[in-house]
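Okay, here's what each chain looks like letter by letter:
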Amino acid sequence: MLIERIEANIENMEKEEIFRRHIEKVYLESDHLVKRVQRVKTDHGREIGIRLKDPRDLVAGDVLFMDEKNMIVVDVIADDLIVIGPRNLKEMGTIAHQLGNRHLPAQFDGDEMMVQYDYLVEDLLKELEIPYKRENRKVKQAFRHIGHSHGE
């Protein structure tokens, strides 16, 4: 089976639409969500080729295939994350600046900032005394690196 477009996202579907179908899942690491071409296997052992025509990343909940009885849905494997919980705007600005200087991509969930685990970031947070915790957590989208130059 070759998938060339996303049918829908399960979060935008009516509950009746979901419940009447058997769901197979494709579990991806978050950094594989940016790959437009890949070969994957569902939790039922079905091999699928993905070659998206649209230039977009996959997102947790994307429906790769759907007919009257079945759906194949993207799910994400939990990442090893540092979840940062700054107590005030100064701490948020400080850590955001430090992470930005290191070109580390971050995601936000409410008042929490999440970055992929890095012992150097953990050491920095300890040094700055900014609250954090390390946990395995699923993210909905890939951590995307944004490249730029420093004017050289």
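Numbering of residues begins from 1 in every chain and follows the order in which that chain's sequence is written. Given that the model is predicted, a residue must reach a pLDDT of at least 70 before its local features are reported, and side-chain atom pairs must reach 80 or more before they are shown or counted; all residues, however, enter totals for whole chains, interfaces and linings. The basis for every side-chain value is the complete set of non-hydrogen atoms in the structure, without hydrogens or water.

This next bit is on the sheet that holds strand 7 (residues 70-76). Strand order in the open sheet formed by 4 strands is 2-6-7-3, and the pairing between neighbours is mixed. Each edge of the sheet is formed by a strand with only one pairing partner; in this case those strands are strand 2 (8-9) and strand 3 (22-28). A pair of strands is labelled paired if DSSP reports no fewer than 2 bridges between them. By the criteria applied, helices consist of DSSP H or I runs no shorter than four residues and strands consist of E runs no shorter than two, each listed in order from the N terminus.

Two rings from Phe, Tyr or Trp (for Trp, the six-membered ring) form a pair when their centres are within 6.5 Å of each other. A pair whose planes differ by under 30 degrees is stacked, one over 60 is edge-to-face, and the rest are tilted. Enumeration over the complete set of coordinates arrives at 0 aromatic pairs. A ring is considered to have a charge above it if a Lys NZ or an Arg CZ atom is located within 6 Å of its centre and within 35 degrees of its normal. Lying over the aromatic face of Tyr117, Arg134 brings its terminal NZ or CZ to 3.5 Å of the ring centre.

Another point: the side chain of Glu91. As for its placement among the helices and strands, Glu91 is situated in helix 2 (residues 89-101). Here a polar contact is recorded for every N or O atom pair within 3.5 Å, except that within protein the pair must consist of a potential hydrogen donor and a potential acceptor, and residues adjacent in sequence are included only if both atoms are side-chain atoms. A distance of 2.5 Å separates the side chain of Glu91 from the side chain of Arg87, its partner in a polar contact.

Further remarks concern the nonpolar core. Formed by 16 residues in total, the largest nonpolar core has its most connected members in Val26, Leu28, Leu33, Ile48, Ile50, Leu58 and Leu64. For this core, the secondary structure elements donating two or more residues are strand 3, strand 5 (47-51) and strand 7. No other element matches the 3 residues that strand 7 contributes to this core. Two residues form a contact once any of their heavy atoms are found within 4.5 Å. Apart from the residues lying within four places of it in its own chain, the contact partners of Leu64 are Ile3, Arg5, Ile6, Glu7, Val26, Ile50, Leu58, Ile72 and Val74. The term nonpolar core refers to a set of buried residues drawn from Ala, Val, Leu, Ile, Met, Phe, Trp, Tyr and Cys, joined through side-chain atoms within 4.5 Å. A simple rule labels every residue: compare its accessible area, found with a 1.4 Å probe on the protein chains alone, to the largest value its type can have, and call it buried under 20%, exposed over 50%, or partly exposed in between. Counting residues in hydrophobic clusters, the runner-up holds 10 residues, among them Ile95, Leu99, Val115 and Ile130.

For salt bridges, the criterion is a side-chain nitrogen of Lys or Arg within 4 Å of an Asp or Glu carboxyl oxygen. In total, this model carries 17 salt bridges according to the counting rule given. A salt bridge links Glu7 to Arg5, with the nearest nitrogen and oxygen atoms 3.7 Å apart. Look at Glu7 and you get partly exposed, because its relative accessible area is 34%. Arg137 is the partner of Asp109 in a salt bridge, and the nearest nitrogen-oxygen pair spans 3.5 Å. Taken together, the residues Asp109 in strand 9 (residues 107-109) and Arg137 in strand 11 (residues 132-137) connect sequence positions 28 residues apart. Here Arg137 falls in the buried class, since its relative accessible area comes to 17%. Here the residues in one salt-bridge network are Asp109, Glu112, Lys133, Glu135 and Arg137, joined through shared partners.

Attention shifts here to unusual backbone geometry. Phi is positive for His103, which is not a glycine, with a value near 60°. Considering the arrangement of structural elements, one finds His103 in the loop between helix 2 and strand 9. Accessibility expressed as a relative area gives 32% for His103, which makes it partly exposed. Its identity is not glycine, yet Glu129 carries a phi of approximately 60°, on the positive side. Tracing the sequence through the fold places Glu129 in the loop between helix 3 (119-128) and strand 11.

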